[in-house]
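# Observations on the model geometry
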Amino acid sequence: MEQTTKLVETIVKGIQEKKGTGIVVADLDGIEGTICRYFVVCQGNTPTQVEAIAESVGDVVRQELHEKPTRVVGLERALWVAMDYGDVLVHVFVPDMREYYDLEHLWADAKLNRIADLD
């Protein structure tokens, strides 16, 4: 459990390094039928920022925890990038795509932790 918590914290750090906003950590642990333990959802204002956030998450997690995502999809258009770290799925959106898919509310009984935006 502690390793997964550290992974989530490190992912949030990578998002914040590129000024990602609206960070929400959805705790899915203990909810039947989920594919992971945590969703980390955030947004960037443009596809360029979405790509930079995803790259930052990959770099920070690799440098600090020596882990790589098993899969990254969406970089070609960078409107929604998903990164699979096994127990943690990271979703980086542009604002309109995030609003449309509303992933953080996919599971009504998930505990949501909203991380304050950095100034």
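Located above this text is the structure these notes cover.
Figured I'd write up the structure that's included with this text. (Residues numbered from 1 in each chain as written. Predicted model: local features only at pLDDT ≥ 70, side-chain atom pairs only at ≥ 80, totals over all residues. Heavy atoms only, no water.)

## Overview of the nonpolar core
In terms of nonpolar packing, the biggest core is built from 23 residues, with Ile-11, Ile-15, Val-40, Val-57, Tyr-85 and Val-88 touching the most fellow members. Listing elements by their share of this core, those giving two or more residues are helix 1 (2–17), strand 1 (21–27), strand 2 (38–43), helix 2 (47–65), strand 4 (80–84) and strand 5 (88–93). Apart from residues lying up to four places away in sequence, Ile-15 is in contact with Gly-20, Ile-23, Val-40, Cys-42, Ile-53 and Val-57. (Core = buried A, V, L, I, M, F, W, Y, C linked by side-chain atoms within 4.5 Å. Buried < 20%, exposed > 50% of the residue type's maximum accessible area, 1.4 Å probe, protein only. Helix = DSSP H or I, 4+ residues; strand = E, 2+ residues; numbered from the N terminus. Contact = heavy atoms within 4.5 Å.)

## Section: unusual backbone geometry
Of note, Lys-19 is a non-glycine position whose phi angle comes to about 60°, a positive value. With respect to the helices and strands, Lys-19 occurs in the loop between helix 1 and strand 1. For Lys-19, a relative accessible area of 52% translates into the label exposed. A positive phi is found at His-66, a non-glycine position, where the angle reads about 60°. With respect to the helices and strands, the residue His-66 is situated in the loop between helix 2 and strand 3 (71–73). By relative accessible area, which is 69% here, His-66 ends up exposed.

## Some words on helix 2
If you check helix 2, its first and last C-alpha atoms are 27 Å apart, about what 19 residues at 1.5 Å a residue would give, namely 27 Å. Among the residues of helix 2, Gln-49, Val-50, Ile-53, Ala-54, Ser-56, Val-57, Gly-58, Val-60 and Val-61 are the ones counted as buried. Contacts made by the buried residues of helix 2 are with helix 1, strand 2, strand 4 and strand 5. (Expected span 1.5 Å × (residues − 1).)

## Here we look at the pairing of strand 4
In the sheet, strand 3 pairs with strand 4 via 3 bridges, with the strands oriented antiparallel. In the sheet register, Val-73 faces strand 4, and the bridge partner there is Ala-82. Taking the residues that link successive antiparallel strands as the turn, the strand 3-strand 4 hairpin has 6 residues, and the phi of Gly-74 there is positive, at about 100°. As judged from the 5 bridges shared by strand 4 and strand 5, these two strands associate in the antiparallel manner. Among the inter-strand pairings, Trp-80 is bridged to a residue of strand 5, identified as Phe-93. Connecting the antiparallel pair strand 4 and strand 5 is a turn made up of 3 residues, with Gly-86 showing a positive phi of about 80°. (Pairing = 2+ DSSP bridges.)

## Overview of the packing of aromatic side chains
The full count for this structure, using the stated rule, is 4 aromatic pairs. Taken together, a centroid distance of 5.3 Å and an interplanar angle of 80° make the contact between Phe-39 and Trp-107 edge-to-face. With Phe-39 in strand 2 and Trp-107 in the loop between helix 3 (95–101) and strand 6 (111–114), this residue pair connects regions lying 68 residues apart in the sequence. Judged on exposure class, the residue Phe-39 and its partner Trp-107 are both buried. Aromatic side chains Tyr-100 and Tyr-101 sit 4.9 Å apart centroid to centroid with 90° between the ring planes, which places their arrangement in the edge-to-face category. In this structure Tyr-100 comes out as exposed when scored by relative accessible area, which is 65%. Taken together through their ring pairs, the aromatic side chains of Trp-80, Phe-93, Tyr-100 and Tyr-101 make up a single cluster. (Phe/Tyr/Trp six-rings, centres within 6.5 Å; stacked < 30°, edge-to-face > 60°.)

Taken by themselves, the reported measurements are silent on function.
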